[in-house]
Amino acid sequence: MSQKVRVRFAPSPTGGLHLGGVRTVLFNYLFAKKHSGDFIVRIEDTDQSRFVVGAETYIFDCLKWCGLTPDESVVHGGPYTPYRQSERKVIYRQYAEQLVKNGHAYYAFDTPAELEKMRELLKTKGSSSLQYDHHVRMSMNNSLRLLAEETQHLLDAGTPYVIRIKILPNDFIPFKDLIRGDINFDTNTVDDKVLLKADGMPTYHLAVVVDDFLMKITHAFRGEEWLPSAPVHILLWKHLFGLDVMPQWAHLPLILKPDGNGKLSKRDGDRLGFPVYAMDWSDPGTNEITKGFKEIGFLPEAFINLLAVLGWNDGTEQEIFSMEELIEKFNIEKVHKGGAKFDFEKAKWFNHEWIKKLAVAHYYQRVKNIFESNGIDITDENYLKKVMELVKERCTLLPDFYTQGSFFFRAPVSIDIAAIQPKWDDKKNLFFIELLKTWELSTLWDATDLEVSFREIAAANQLKTGELMLPLRIMLVGGKFGPGVFEIAGTIGKEATITRIEHTLSLIE
Ligand code: GLU
């Protein structure tokens, strides 16, 4: 690529960041990094009615958590400031006016009531489309139908107006999508979209094209839901800047509901009990909190990995990829055309794999916070790290470290006596009494020595160790779970081991 690659993520700050949005960022980011290019974040906030307080900060927090650092943005600065469209308002008008002057756009003075009347009329006529397009525009209140003097008079009088693109009917707009290949848009299905609103703000369509041009964007990858807007954007590129400088486009496949029936929405997550947002999102209007992947205990490495393979693979069986590997292997042309079904169980599998793969020090702080929020003060960092090593195989989400490991810090709250009682007898009772005596006198306290003495006493009493290990586990842990039982005894220490065995013996009848 001769020109420096420049990609952008252009979110509208309207709420929580859907995992599909993060995947869009990821694919842009991977492509940029692979080609030593720049990744730009531009805030598209021209629709003031949809603006939500806190959404912009939240987007940057999510990107930070995911390790997707922009090269240029509102936060990171850059040569094309401002990166927030509302602050670029003065830039856009001249382009809209230029389009009017060249006959590709026009002033429309229609009031909301007139527009409503137009739709009503189309409905009564049984028209399949209620759009403002070549069928109706010559009967509307716009500069195409009015005489030049009439238009000028309305403008001079300060009559509110919008500027609309003039779409010519019966034409085809050819376009090459890096994922979908050649596409031909039929202009008969495209309406005369508003480019500049009555308040002087551009609409998304005008602003996205102008800014992609001014910010020298070379590649634009965005969700499939924007495909219907592409013909308008292509025409704007053609009329304003020329198709030779237009970015290359790719429309990413949708992320589908687990059953494959339509796009995955926040509501599906609420209904099926899994997050859809990257991080917790607190709606400032309702104060309702929607859970995020981070807060339920995902590692960012796992989140990135699972998003990368939603619609892409490198053509091999490999599933676990680090960011570095993704940068090396990612190829936009290998992204699938069809939607990718989201499977939460598979998502958790990725997290489990990353928990095992990474050094515990990497996520120690988060696990420590989970213990502390459950009332266990961590005073010995190495002890918690040792516990984490012992239980990490059993953890899928970070809070599992607490459920799998709290007994290393305090005696279990309840003991599953029912699991010991039915097979309990005097011989077992005597075994544990003898074991207590031996262990009380023991000067060495590590897993191997404890196992040796345990087996010796069992053999001397002609008991099978297999039948004794489960009761011992339940005494120490409270239930049938946890890592190796001698590792547990070795780690919690002599005093805790003896106290817990004595306590359970006192409960057994
Ligand atoms: N502002 C659009 C959005 O909210 C950006 C779409 C695009 O990338 O062109 O997703």
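As a reminder, the structure under discussion sits directly above these lines.
Visitor: How should helix α10 (residues 300–308) be read in this particular structure?
Guide: In an α-helix, one turn spans 3.6 residues, which is why side chains three or four residues apart end up on the same side. For α10, the buried fraction is high: eight of the nine residues fall into the buried class. Along its buried surface, α10 packs onto α1 (19–34), α2 (55–66), α9 (293–296), α11 (323–329), α12 (344–357) and α13 (364–373).

Visitor: Honestly, the environment of L306 in this entry has me stumped. Any pointers?
Guide: Relative to the assigned elements, L306 resides in helix α10. For L306, a relative accessible area of 4% gives the class buried. Between the alpha carbons of L306 and L463 there is a distance of 49 Å; along the sequence they are 157 residues apart. Here L306 is in contact with F298, F342, A347 and F350, once residues within four sequence places are set aside.

Visitor: Explanation requested: the packing of aromatic side chains in the structure shown.
Guide: Aromatic ring pairs are reported here in terms of the distance separating the ring centres and the angle at which the planes meet. Tallied over the entire structure, the rule returns 35 aromatic pairs. With centroids separated by 4.6 Å and ring planes inclined at 50 degrees, the aromatic side chains of Y204 and W226 adopt a geometry described as tilted. Remark: W226 occurs in the loop between β8 (219–223) and α7 (230–240) and Y204 occurs in helix α6 (residues 204–214); sequence separation between them is 22 residues. Accessibility expressed as a relative area gives 33% for W226, which makes it partly exposed. For the pair F274 and F342, a centre-to-centre distance of 5.2 Å together with 55 degrees between the ring planes defines the contact as tilted. Note that F274 is positioned in the loop between α8 (266–272) and β11 (281–282) and F342 in the loop between β13 (340–341) and α12, a separation of 68 residues in sequence. With respect to class, F274 is no different from F342; both count as buried. Joined through ring pairs, the aromatic side chains of W65, F274, F293, F298, F303, F342 and F344 make up one cluster. Directly above the ring of W354 sits K357, whose terminal nitrogen or CZ lies 5.2 Å from the centroid. The residue whose ring lies beneath K385 is Y364, and the NZ or CZ to ring-centre distance is 5.1 Å.

Visitor: Before we go on, may I ask you to explain the packing of helix α3 (residues 89–101) against α7 in this structure?
Guide: Two quantities define a packed helix pair, namely the angle between the axes and the distance from one axis to the other. Axis separation between α3 and α7 bottoms out at 11 Å; the angle between their running directions is 80 degrees. Here α7 runs roughly perpendicular to α3, going by the angle between their axes. Contacts between α3 and α7 involve Y95, Q98 and L99 from the former and L236, H239 and L240 from the latter. Residues of the contact of α3 with α7, tallied by class, amount to four nonpolar, two polar and no charged.

Visitor: Looking at this structure, how should I read the site of the ligand?
Guide: Neighbouring the ligand are the residues R8, A10, S12, E44, Y204, V208, R222 and W226. R222 is positioned such that a nitrogen or oxygen atom in its side chain is 3.0 Å from an oxygen atom of the ligand. W226 is positioned such that a nitrogen or oxygen atom in its side chain is 3.5 Å from an oxygen atom of the ligand. Contact with the protein chains hides 85% of the accessible area of the ligand, taken as 290 Å² for the molecule alone. The cavity that encloses the ligand is the largest pocket.

Visitor: What is the right way to look at the pairing of strand β2 (residues 38–41) in this model?
Guide: Consecutive side chains along a regular strand alternate between the two faces of the sheet. Judged by which residues are buried, β2 turns out to be covered on both faces: D38 and I40 on one side and F39 and V41 on the other are all buried. Pairing of strand β1 (residues 6–9) with β2, which is carried by four bridges, proceeds in the parallel orientation. Bridge pairing in β2 links V7 to F39. A crossover links β1 with its parallel partner β2, the connecting element being α1, and its sense is right-handed.

Cut-offs and rules
- Residues numbered from 1 in each chain as written.
- Predicted model: local features only at pLDDT ≥ 70, side-chain atom pairs only at ≥ 80, totals over all residues.
- Heavy atoms only, no water.
- Buried < 20%, exposed > 50% of the residue type's maximum accessible area, 1.4 Å probe, protein only.
- Helix = DSSP H or I, 4+ residues; strand = E, 2+ residues; numbered from the N terminus.
- Contact = heavy atoms within 4.5 Å.
- Phe/Tyr/Trp six-rings, centres within 6.5 Å; stacked < 30°, edge-to-face > 60°.
- Lys NZ or Arg CZ within 6 Å of the ring centre and 35° of its normal.
- Axes fitted to C-alpha atoms, helices over the stretch in contact; angles between N-to-C directions.
- Parallel < 35°, antiparallel > 145°, perpendicular 65-115°, else oblique.
- Nonpolar A, V, L, I, M, F, W, Y, C, P; charged D, E, K, R; others polar.
- Near = heavy atom within 4 Å.
- Polar contact = N/O pair within 3.5 Å; in protein donor to acceptor, adjacent residues only side chain to side chain.
- Areas by Shrake-Rupley, 256 points an atom, 1.4 Å probe, with all protein chains shown as cover.
- 1 Å grid on protein atoms, 1.4 Å probe; cavity = no way out; pocket = protein on both sides within 12 Å on 5 of 7 lines; lining within 4 Å.
- Sits in = over half its atoms within 2 Å of the grid points.
- Pairing = 2+ DSSP bridges.
- Right-handed = clockwise from strand over helix to strand, strands pointing away.

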